[in-house]
Amino acid sequence: MNGIALLFFSSFAYICAAIPQFPEQEKEPKFWRDWAQRTLTKALSLQRLNTNIAKNAILFLGDGMGIPTVTAARILKGQMNGFSGEETQLEMDKFPHVALAKTYNTNAQVPDSAGTATAYLCGVKANEGTVGVSAAAVRSQCNTTFGNEVTSILKWAKDAGKSVGIVTTTRVNHATPSAAYAHCVDRDWYSDGEMPPEAIQGGCKDIARQLLENIPNIDVIMGGGRKYMYPKNTPDVEYPNEYKANGTRRDGRRLVDEWKSSKGNQAAHYVWNKNQLLALNPHKVDYLLGLFEPADMQYDLERDKQMDPSLAEMVEVAIKILQKNPKGFYLLVEGKWPACGRIDHGHHEGKAKQALHEAVQMDIAVGKAGVLTSEEDTLTVVTADHSHVFTFGGYTLRGNSIFGLAPMQSDVDNKPFTSILYGNGPGFKLSNGERENISTIDYKQNNYLAQSAVPLQMETHGGEDVAVFAKGPLAHLLHGVHEQNYIPHVIAYATCIGQNTEHCKGGYPVPCGASSLTSTLSNLLSFLILSLLLCWP
Ligand SMILES: *[C@@H]1O[C@H](CO)[C@@H](O)[C@H](O)[C@H]1NC(C)=O
Ligand SMILES: *[C@@H]1O[C@H](CO)[C@@H](O)[C@H](O)[C@H]1NC(C)=O
Ligand SMILES: *[C@@H]1O[C@H](CO)[C@@H](O)[C@H](O)[C@H]1NC(C)=O
Ligand SMILES: [Zn+2]
């Protein structure tokens with residue numbers, strides 16, 4: 001106890017010895033009181049709940065974007081704009097309603113992206129490694145697929161006459177997007193080239209094929225994954241000399257060509273680079289298939305800005321195409337944290353900088369979607385499938401570079417350490433039997449591997465809850481600690497699609513919330529209690 005107290009106070013003394021930089025106005029109590037009062041006024045206006053029927057819904061899924069990642073990305077975004085960062089508001093921070101989602105899979109405490117995608121797209125929790133099938137299906141066992149398929153909100157929306165789209169920075173047949181259209185007991189069955197022969201003989205289908213066969217006429221599909229659409233040994237259009245980019249299909253099918261011809265004389269466009277994408281007039285496009293890389297798209301920091309669109313550019317084109325439908329649309333957008341989306345992929349590789357820049361890109365895309373839609377008729381939800389064992393700490397001072405050092409050295413090995421660290425991953429490194437001295441290392445470079453406690457080639461997911469940010473009609477139904485599979489039930493209810501549409505007949509959902517007098521009183525009461533608690537000393 002004494003030791004801990006000593007440690008705390010000595011580190012605190014260390015911090016207080018340095019001079020943190022922060023805006024002069026923050027010394028004024030009035031600055032903080034005014035800001036809080038503005039926030040309070042906004043919060044009070046939420047008593048008039050938005051109970052419109054949502055015409056459109058957009059789900060932004062930050063793959064691997066746990067809460068520590070959101071906070072670090074917020075600081076990074078602020079610092080990229082020349083501020084100290086902590087006070088910055090992400091676009092998702094501005095959403096009025098926030099909940100937590102419990103991410104475990106039926107058979108896993110710490111989940112994977114496939115089982116979680118089944119939860120937040122199909123509304124049913126499932127086993128890790130499986131997409132679009134219930135927990136009765138067993139990973140990699142083809143014969144457990146049949147009879148256990150579960151449909152997704154993308155299909156419910158399409159069946160209701162809405163336009164639907166998928167935009168991702170991973171391959172379009174990766175775990176996250178695939179639960180929207182596929183029923184597959186193995187997330188790795190990207191094409192038949194990755195499937196065991198027994199599974200093919202057993203009648204199971206690869207995910208790329210299911211993308212184009214299961215829900216005919218998905219209006220917009222954008223991401224990576226070209227190679228899974230072409231026969232083995234077919235050179236890639238952009239990387240003809242790279243053997244890893246060659247086609248992978250054993251069945252000899254050319255799925256892109258099949259997609260194009262299935263659309264007859266409708267305006268169906270296949271694009272594979274940014275110029276082709278931006279040259280399109282969205283008002284004249286019925287169907288769009290954009291495949292910008294052979295597998296996953298590049299990290300944004302490494303993106304070829306001439307050849308590959310950003311996530312926000314893809315989202316803008318997608319919304320403009322989908323918005324033409326008078327019945328509305330459903331759009332799934334995945335941004336990777338570097339290991340799963342690219343956010344996820346970055347973390348898995350221990351590359352925090354790549355991961356955080358991906359998260360910032362996703363937030364920029366959230367902002368773009370906000371400009372193109374209205375909260376009056378569009379429900380927007382931003383969440384993550386799971387977290388990572390990523391953290392930042394070390395009593396860093398206000399405005400410290402998010403990629404910087406803690407303002408102290410270890411009092412055990414007397415070496416400096418970065419604020420960002422991982423619980424496990426490839427950043428574990430000993431030199432001469434000791435933790436590496438990072439003083440002479442460029443720990444701010446894009447691909448620096450932050451130190452981890454346990455050596456692993458691939459850093460792992462984390463098991464804690466993820467945040468769910470929501471705005472638009474009935475966003476307040478996301479309001480507490482929820483099971484992750486609740487999310488599509490809310491989106492479906494709000495958009496009047498899927499299993500539960502009784503409330504839609506009168507034109508408006510049943511009014512939610514108490515009478516305005518009761519809620520004003522209860523608000524006043526909580527405000528008083530809060531003021532007492534906060535101002536007690
Ligand atoms: C399903 O396949 C597995 C082998 O993958 C086999 O052991 C099992 O008996 C099969 N079950 C049925 C019901 O056919
Ligand atoms: C990949 O494609 C190239 C043509 O660009 C071809 O020469 C090569 O044999 C292919 N490699 C494999 C392993 O299929
Ligand atoms: C770490 O490296 C720096 C720079 O080379 C050096 O000054 C410092 O003494 C080293 N610390 C330890 C504990 O080896
Ligand atoms: Zn992952």
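Look a little higher up for the structure.
First things first, this report covers the structure right here in the doc.

What counts and what doesn't
Residues numbered from 1 in each chain as written. Chains lettered and ligands numbered in written order. Predicted model: local features only at pLDDT ≥ 70, side-chain atom pairs only at ≥ 80, totals over all residues. Heavy atoms only, no water. Pairing = 2+ DSSP bridges. Helix = DSSP H or I, 4+ residues; strand = E, 2+ residues; numbered from the N terminus. Axes fitted to C-alpha atoms, helices over the stretch in contact; angles between N-to-C directions. Core = buried A, V, L, I, M, F, W, Y, C linked by side-chain atoms within 4.5 Å. Buried < 20%, exposed > 50% of the residue type's maximum accessible area, 1.4 Å probe, protein only. Contact = heavy atoms within 4.5 Å. Polar contact = N/O pair within 3.5 Å; in protein donor to acceptor, adjacent residues only side chain to side chain. Phe/Tyr/Trp six-rings, centres within 6.5 Å; stacked < 30°, edge-to-face > 60°. Lys NZ or Arg CZ within 6 Å of the ring centre and 35° of its normal. Near = heavy atom within 4 Å. Areas by Shrake-Rupley, 256 points an atom, 1.4 Å probe, with all protein chains shown as cover. Nonpolar A, V, L, I, M, F, W, Y, C, P; charged D, E, K, R; others polar. Salt bridge = Lys/Arg side-chain N within 4 Å of Asp/Glu carboxyl O.

In spatial order, the strands read S10-S13-S16; together these three strands make up an open sheet with mixed pairing. Pairing within the sheet leaves two strands with one partner each, and these edge strands are strand S10 (390-392) and strand S16 (452-455). Strand-to-strand twist of the sheet, defined as the mean angle between neighbouring strand axes without regard to direction, takes the value 25°. Sheet topology places strand S13 (residues 420-425) next to S16; three bridges connect them, and they run parallel.

One finds Phe60, Leu121, Met222, Leu288 and Tyr330 to be the most contacted residues of the largest nonpolar core, which totals 124 residues. Here this core takes nine residues from helix H11 (residues 311-322), the largest share from any one element. Residues in contact with Phe60, not counting those within four places in the same chain, are Val315, Val333, Met362, Ala365, Val366, Ala369, Thr380, Val381, Val382 and Thr383.

The topology assignment puts Gln276 in helix H10 (residues 274-279). Here Gln276 falls in the partly exposed class, since its relative accessible area comes to 31%. Once the C-alpha coordinates of Gln276 and Met307 are considered, the two residues, 31 residues apart in sequence, prove to be 9.3 Å apart. A distance of 2.7 Å separates a polar side-chain atom of Gln276 from the backbone nitrogen of Trp272.

Summed over all chains, the structure comprises five aromatic pairs. With a centroid separation of 5.7 Å and an interplanar angle of 70°, the aromatic rings of Phe31 and Trp35 are classed as edge-to-face. On the criterion of helical spacing, the pair formed by Phe31 and Trp35 is a turn pair, its members being four residues apart in helix H2 (residues 29-45). Given a relative accessible area of 31%, Trp35 falls into the partly exposed group. Taken together, the ring pairs in this structure connect Phe31, Trp32 and Trp35 into an aromatic cluster. Seen from the ring of Tyr190, Arg171 lies directly overhead, with NZ or CZ sitting 4.6 Å from the centre. Directly above the aromatic system of Tyr287 lies the positively charged group of Lys263, at a separation of 5.2 Å from the ring centroid.

Bringing the site of ligand 2 into the picture now. Taken together, Asn233, Pro235, Pro240, Tyr243 and Asn246 make up the full set of residues near ligand 2. The contact in question runs from an oxygen atom of ligand 2 to an N or O atom on the side chain of Asn233, over 2.2 Å. For ligand 2, an oxygen atom lies 2.6 Å from a polar atom in the backbone of Pro240. Against a free-state accessible area of 360 Å², the protein chains account for coverage of 51% of ligand 2. Partitioning the shell around ligand 2 into residue classes produces three nonpolar, two polar and no charged.

Attention shifts here to the pattern of salt bridges. Evaluated as defined, the whole model comprises 33 salt bridges. A salt bridge links Glu24 to Lys27; the shortest N-O distance between them is 3.2 Å. Taking the relative accessible area as the measure of exposure, Lys27 reaches 53% and is therefore exposed. We note a salt bridge from Arg253 to Glu258, for which the minimum N-O separation is 2.8 Å. Overall, Glu258 belongs to the partly exposed group, its relative accessible area being 31%. Three or more residues joined by partner-sharing salt bridges are found here, namely Glu26, Glu86, Glu87 and Arg398.

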